[in-house]
Amino acid sequence: MAAPPLDWNDLRYLLAVAREGSTLAAARTLRVSQTTVARRLAALEAALGLVLFERRQAGYALTPAGEALLPQAEAVAAHADQFAEAAAAQSRDVSGTVRLTTVDIYGVTVLQPLLRDLHDAQPGVRIELDMAEAVRDLGAGEADIALRADWTDRSLAGGLVGRRVAFDPWTLYCSRAYAARHSRPRTSAELRRHPFIGGGGDGVWPPYRAWLQAHGLEEAVVMQHSSAAGLLAAIRAGVGLAILPSFVGDREPDLVRVLPPPPGKGYDLWLLTHERLRHVPRVRAVMDFLGGALARLAQETPEDDPGVWAA
């Protein structure tokens, strides 16, 4: 008959009885019953095929086999303690590089002060910010965390986990200086008398262009940018009007809304990571910090709201 499998946890019963000299004293040390200690010792001896203790009226004494194996049992216990300490240190160690991917319009605006505050809170974490327009595959390890805008909760597909931090509709903006010089348009007819900045990248320009075409405004485009950050720079410079995500535009002190966002239309802003990384301390720390900060930011009410726009 095959011996029962060895339960490594039983070595702690061996060590306790060897130190204390009895199952009763060992039970007190281990905070278990005396019956449990005696049962686990018997199971260990059965698994090894050896008698480790002599049961005497005065207590338990190691047999020669037990004496020979005691140093190895102590070494196993020491390595187990070292393993546990190393694991605990890993779980406390909030340091290392975290690769964060997002589009440039978020990366150069709302994220910058938050990343400054993150560094103050977690100086051991080094952020690599990737603002390429291409969507990085978190499942393939191309980035650790992503801040993404999407219409639906499909962002959570493919093993991704995270939280929706804001609702982010896009709308028209101009600079305060531009509004002071030219006044802010209030109707569709007034819009046609103002220059527009076009472009914004592959993810922005197609729907933006369709909106311009639907309102007869495409001919008003006087400049084209290849990125949303370029749109922001042109608006700041007073070139004219362009669309921006309200999560960004409403927090730019030099900008004002031209139109209120369309009711119920917009993107959800998601902070995401892959499920295999969610418990890595440095990733968890960044997710918790940015998730909370972005959600709080989303609760702020914009100071400048044009109200209802006349068609």
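As a starting point, this report considers the structure included with it. Since the structure is predicted, the reported quantities are computational estimates derived from the model, not experimental observations. (Residues numbered from 1 in each chain as written. Predicted model: local features only at pLDDT ≥ 70, side-chain atom pairs only at ≥ 80, totals over all residues. Heavy atoms only, no water.)

1. Quick word on the overall build of the protein chain
Scanning the protein chain for helices and strands turns up 12 helices and 12 strands. For 311 residues, the compact-globule formula gives about 19 Å, and the C-alpha radius of gyration of the protein chain, at 32 Å, lies well above that figure. Seen through its principal axes, the protein chain has C-alpha atoms that stretch 105 × 40 × 30 Å. Here the contacts in the protein chain between residues at least 6 apart in sequence split such that 75% fall between residues at least 24 apart. Carbon together with sulfur atoms contributes 53% to the accessible area of the protein chain, which is approximately 16,400 Å² in total. (Helix = DSSP H or I, 4+ residues; strand = E, 2+ residues; numbered from the N terminus. Rg over C-alpha atoms; globule rule 2.2 N^0.38 Å. Contact = heavy atoms within 4.5 Å. Areas by Shrake-Rupley, 256 points an atom, 1.4 Å probe, with all protein chains shown as cover.)

2. What about the sheet that holds strand β10 (residues 242-245)?
Taken together, 3 strands build an open sheet; the order of strands is β10-β7-β11 and the sheet is antiparallel. Looking at the sheet topology across the chains shown, the edges are occupied by β10 and β11 (255-257). Each adjacent strand pair in this sheet contributes to an overall mean axis angle of 55°, direction not counted. When strand β7 (residues 170-175) meets β11, the two strands line up antiparallel, connected through 3 bridges. Bridge pairing in β11 links C174 to V256. In the packing of helix α10 (residues 228-236) onto the sheet, the strands contacted are β7, β10 and β11, and the crossing angle to β10 comes to about 120°. (Pairing = 2+ DSSP bridges. Axes fitted to C-alpha atoms, helices over the stretch in contact; angles between N-to-C directions.)

3. Concerning the nonpolar core
Judged by nonpolar contacts, the single largest core of 55 residues is most densely connected at F196 and L290. A total of 7 residues in this core trace back to one element, the largest contributor, which is helix α12 (residues 281-298). Residue contacts for L290: discarding those within four places in its chain leaves L100, L111, L114, L115 and L271. Among the nonpolar cores identified, the runner-up in size contains 17 residues, and L11, L14, A27 and L62 belong to it. (Core = buried A, V, L, I, M, F, W, Y, C linked by side-chain atoms within 4.5 Å. Buried < 20%, exposed > 50% of the residue type's maximum accessible area, 1.4 Å probe, protein only.)

4. Details of helix α1 (residues 11-20)
Three or more residues of α1 are buried, namely L11, Y13, L14, L15, A16 and V17. Of the residues flanking the end of α1, it is G21, one or two places downstream, whose phi is positive at about 85°.

5. Digging into the sheet that holds strand β6 (residues 160-168)
Taken in spatial order, the 5 strands of this open sheet run β4-β3-β5-β12-β6, and their pairing is mixed. Across the chains shown, the open sheet's two edge strands, defined by having one partner strand only, are β4 (125-130) and β6. Here the average twist between neighbouring strands, direction ignored, is 20°. In the sheet, strand β3 (residues 96-101) pairs with β4 via 6 bridges, with the strands oriented parallel. When the bridges of β4 are listed, G96 appears paired with V125. Running over the sheet, helix α6 (residues 111-121) touches β3, β4 and β5 (145-150) and is turned about 165° from β4. In the packing of α12 onto the sheet, contacts are made with β3, β4, β5, β6 and β12 (267-274), and the angle to β6 comes to roughly 20°.

6. Overview of the pairing of strand β1 (residues 53-56)
Sheet topology note: the β1/strand β2 (residues 59-62) ladder contains 4 bridges and is antiparallel. Its bridge partner being in β2, F53 is matched across the sheet by L62. Counted between consecutive antiparallel strands, the loop separating β1 from β2 contains 2 residues.

7. Concerning the packing of aromatic side chains
What the rule picks out here adds up to 2 aromatic pairs. On the numbers, 5.8 Å between centres and 65° between planes, the contact of F53 with Y60 is edge-to-face. Note on Y60: relative accessible area 21%, which makes it partly exposed. When the ring of W205 is compared with that of Y208, the centres are 5.5 Å apart and the planes differ by 85°; the resulting orientation is edge-to-face. Note that W205 and Y208 are positioned in helix α9 (residues 205-214) at a spacing of 3 residues, about one turn of the helix. With respect to burial, W205 and Y208 carry one shared label: buried. (Phe/Tyr/Trp six-rings, centres within 6.5 Å; stacked < 30°, edge-to-face > 60°.)

8. Notes on the packing of α6 against α12
Orientation of α6 relative to α12, taken along the N-to-C sense of each, is 135°, at an axis distance of 10 Å. By the criterion of interaxial angle, the relationship of α6 to α12 is oblique. Judged by the sense of rotation from one axis to the other, the crossing of α6 with α12 is right-handed. Between α6 and α12, the residues in contact are L111, L114, L115, D117, L118 and A121 and V286, F289, L290, A293 and L294, respectively. Residues of the contact of α6 with α12, tallied by class, amount to 10 nonpolar, no polar and 1 charged. (Parallel < 35°, antiparallel > 145°, perpendicular 65-115°, else oblique. Left-handed = near helix turned anticlockwise from the far one by under 90°. Nonpolar A, V, L, I, M, F, W, Y, C, P; charged D, E, K, R; others polar.)

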